[in-house]
Amino acid sequence: MSTALVIGVIFTLMLAMPAVMWLTKLICPPKPEEEAIHRGIEETRRREARRREKMPYHRG
């Protein structure tokens, strides 16, 4: 019974976190400076992913 309770708590937390984040953004939207920072981070991630895709594979 306690195993089912733990699984239920984990499942509830997994569903609740996105809802809390969404509601937080609705109540207090991020400032333009914060958005610019996150946009820059995302652009850097994409650029690095493209660079990694072009690297040759090590076959050995």
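Before reading on, note that the structure itself is shown above.
The model shown is predicted, which means the values in this text are computed figures rather than measured ones.

Draft legend 1. The environment of Ala49, seen in detail. Following the sequence through the fold, Ala49 ends up in helix H2 (residues 32–54). Measuring from C-alpha to C-alpha, the distance between Ala49 and Arg39 comes to 15 Å, with ten residues separating the pair along the chain.

Draft legend 2. How the structure looks around the pattern of salt bridges. Applying the stated criterion to the full structure yields two salt bridges. Across the pair Glu42 and Arg45 runs a salt bridge, and its minimum N-O distance is 3.6 Å. Of this pair, Glu42 and Arg45 both sit in helix H2, three residues apart, which is roughly one turn of that helix. Among the salt bridges present, the one from Glu48 reaches Arg51, with a minimum N-O distance of 2.7 Å. Of this pair, Glu48 and Arg51 are both found in helix H2, three residues apart, which corresponds to roughly one turn of the helix. Taking relative accessible area as the criterion, Glu48 reaches 27% and is therefore assigned partly exposed. Residue classification places Arg51 among the partly exposed positions, given a relative accessible area of 46%.

Here is what the cut-offs are and how they apply
Residues numbered from 1 in each chain as written. Predicted model: local features only at pLDDT ≥ 70, side-chain atom pairs only at ≥ 80, totals over all residues. Heavy atoms only, no water. Helix = DSSP H or I, 4+ residues; strand = E, 2+ residues; numbered from the N terminus. Salt bridge = Lys/Arg side-chain N within 4 Å of Asp/Glu carboxyl O. Buried < 20%, exposed > 50% of the residue type's maximum accessible area, 1.4 Å probe, protein only.

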